[in-house]
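Analysis of the macromolecular model
So you can see what is in the structure, the chains are spelled out below.
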Amino acid sequence: MQKYSPVKEGKVREIYDTGDNLIMVATDRISAFDVILKNKVEKKGTVLTQMSKFWFDYTKDIVDNHMISTDTADMPEFFRTEEFTGNSMLCKKLTMLPVECIVRGYITGSGWNSYKENGTVCGIKLPEGLKECDKLPEPIYTPSTKAEIGDHDENIDFERSVEVLEKDFPGHGREYAEKLRDYTIALYKKCADYALTRGIIIADTKFEFGLNENGEVVLGDEMLTPDSSRFWPVEGYEPGKSQPSFDKQFVRDWLKANPDSDYNLPQDVIDKTIAKYEEAYELLTGKKL
């Protein structure tokens, strides 16, 4: 049996190269503030993979995605073990585009901080009088550059995203930038509308795209998971304050309140985190893991 080692490791994911395709494994690691925490959150990787699968299936009418299968029977024998079951996705190889595609439907987090300072988010002027966590009149696209592990992503405006893409793909910068923006907004609108019917507000999220062998833009990485999105319960939603969430904002808040923790979470925080992830999965998909 051929053995495989990761060809790339991110904060949470490990990527294996099988020759024709890639296998993306979502581990039980958790990161916050661009730091990998010392704890693992059991079953988190399975939630991330299965939630991505749900959304990839739901949005393939908007844009093609890189998913082939999440069944380890479709993968080389090395991956047919408990370690890889549920948390692994067989994917098409893509040339990834060097822009993270962030879309905000509500004003919160760093966007709220920026708005309080000068009435803008990533250079986009917003209406006066918004309250924290207000729904925006229309979703806004606020791309960023991709940072290496340990560095912070840099927010950029649309024109800067054109320049970043043009540098790597001469003659295609504006074309790709416009496609990324338009796909990002379309994906968010469809999924946010659906999520509302399931009791969840998707406040913001990020997508990543790449090019397939034919040069077409394809959705890659993960999609609308609690790691890449802010999920709030519809019940009890009230602008003017921070919202309870189904995502790792719970972990971020605990770390902020415990600055001497050395990024080490107590067990009760770990237990509450996975419970929130699983609740979001069950609400959105109507299934139990």
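Coordinates for the structure precede this section.
Residues numbered from 1 in each chain as written. Predicted model: local features only at pLDDT ≥ 70, side-chain atom pairs only at ≥ 80, totals over all residues. Heavy atoms only, no water.

1. A few points about the overall build of the protein
Stated precisely, the cut-off is as follows: Segments assigned H or I by DSSP are reported as helices when at least four residues long, segments assigned E as strands when at least two residues long, and all are numbered from the N terminus. Only the C-alpha atoms count toward the radius of gyration. The rule for a globule is 2.2 Å times the residue count to the power 0.38. Each residue is assigned to one of three classes by its accessible area relative to the maximum for its type, calculated with a 1.4 Å probe on protein chains only: buried under 20%, partly exposed between the two thresholds, exposed over 50%. Under the counting rule used here, the positive set is Lys and Arg, the negative set is Asp and Glu, and His together with the chain ends is not counted. Charged side chains are reduced to one point each, which is NZ for Lys, CZ for Arg, CG for Asp and CD for Glu.
Within the protein, the regular secondary structure consists of 6 helices and 16 strands. For 289 residues, the compact-globule estimate of 2.2 N^0.38 gives 19 Å, and the protein sits close to it at 19 Å. Projected onto the principal axes, the alpha-carbon positions of the protein cover approximately 60 × 50 × 40 Å. Residue burial in the protein is summarised as follows: out of 289 residues, 51% are buried. Separation between the mean location of the 38 positive side-chain charges and that of the 52 negative ones in the protein comes to 2 Å.

2. Digging into the environment of Ile 15
For clarity, the cut-off: We call two residues contacting when some pair of their heavy atoms lies within 4.5 Å.
Note that Ile 15 resides in strand S2 (residues 13-17). Residue classification places Ile 15 among the buried positions, given a relative accessible area of 18%. Taking the C-alpha atoms as reference points, Ile 15 and Cys 91, separated by 76 residues in sequence, lie 9.9 Å from one another. Every residue in contact with Ile 15, bar those within four places of it in the chain, is listed here: Pro 6, Val 7, Lys 8, Leu 22, Ile 23 and Met 24.

3. Thoughts on the environment of Glu 100
Inspection of the secondary structure assignment puts Glu 100 in strand S9 (residues 99-106). Judged by its relative accessible area of 8%, Glu 100 falls in the buried class. Taking the C-alpha atoms as reference, Glu 100 lies 8.8 Å from Thr 142; in sequence the two are 42 residues apart. Those residues in contact with Glu 100, other than ones at most four positions away along the chain, are Pro 143, Ser 144, Lys 146, Asp 153, Lys 206, Phe 207 and Glu 208.

4. Looking at the packing of helix H1 (residues 44-59) against helix H6 (residues 267-285)
Here is the rule we go by: For helices, the fitted line uses only the C-alpha atoms of the stretch in contact; every axis is such a line through C-alpha atoms, and the angle between N-to-C directions lies from 0 to 180 degrees. Put simply, angles under 35 degrees are roughly parallel, angles over 145 are roughly antiparallel, angles from 65 to 115 are roughly perpendicular, and the rest are oblique. Here a crossing is taken to be left-handed if its near helix is turned anticlockwise relative to the far helix by less than a right angle, and right-handed if that turn runs clockwise. Residues are sorted three ways: Asp, Glu, Lys and Arg are charged, Ala, Val, Leu, Ile, Met, Phe, Trp, Tyr, Cys and Pro are nonpolar, and all the rest, Gly among them, are polar.
Where H1 contacts H6, the axes come no closer than 10 Å and their chain directions differ by 20°. Between H1 and H6, the interaxial angle falls into the category roughly parallel. You can see that H1 and H6 cross each other, and the crossing is left-handed. Counted together, Lys 44, Val 47, Leu 48, Gln 50, Met 51, Phe 54 and Trp 55 of H1 and Ile 274, Tyr 277, Glu 278, Ala 280, Tyr 281, Leu 284 and Thr 285 of H6 form the full contact between these two elements. Residue composition of the contact of H1 with H6, grouped by class: 10 nonpolar, 2 polar and 2 charged.

5. What to know about the nonpolar core
To be explicit about the condition: By convention a nonpolar core is built from buried Ala, Val, Leu, Ile, Met, Phe, Trp, Tyr and Cys residues, the set being connected through side-chain atoms within 4.5 Å.
With 65 residues, the main nonpolar core has Trp 55, Leu 180, Ile 202, Phe 207, Phe 209 and Met 223 as its most contacted residues. Sorting elements by how many residues they give to this core places helix H4 (residues 173-197) first, with 10 residues. Each residue touching Met 223, except ones within four places of it in the same chain, is listed here: Met 51, Ser 52, Trp 55, Phe 56, Thr 59, Leu 187, Cys 191, Phe 207 and Ser 228. Judged by nonpolar contacts, the second largest core, of 9 residues, contains Tyr 16, Ile 23, Val 25 and Met 75.

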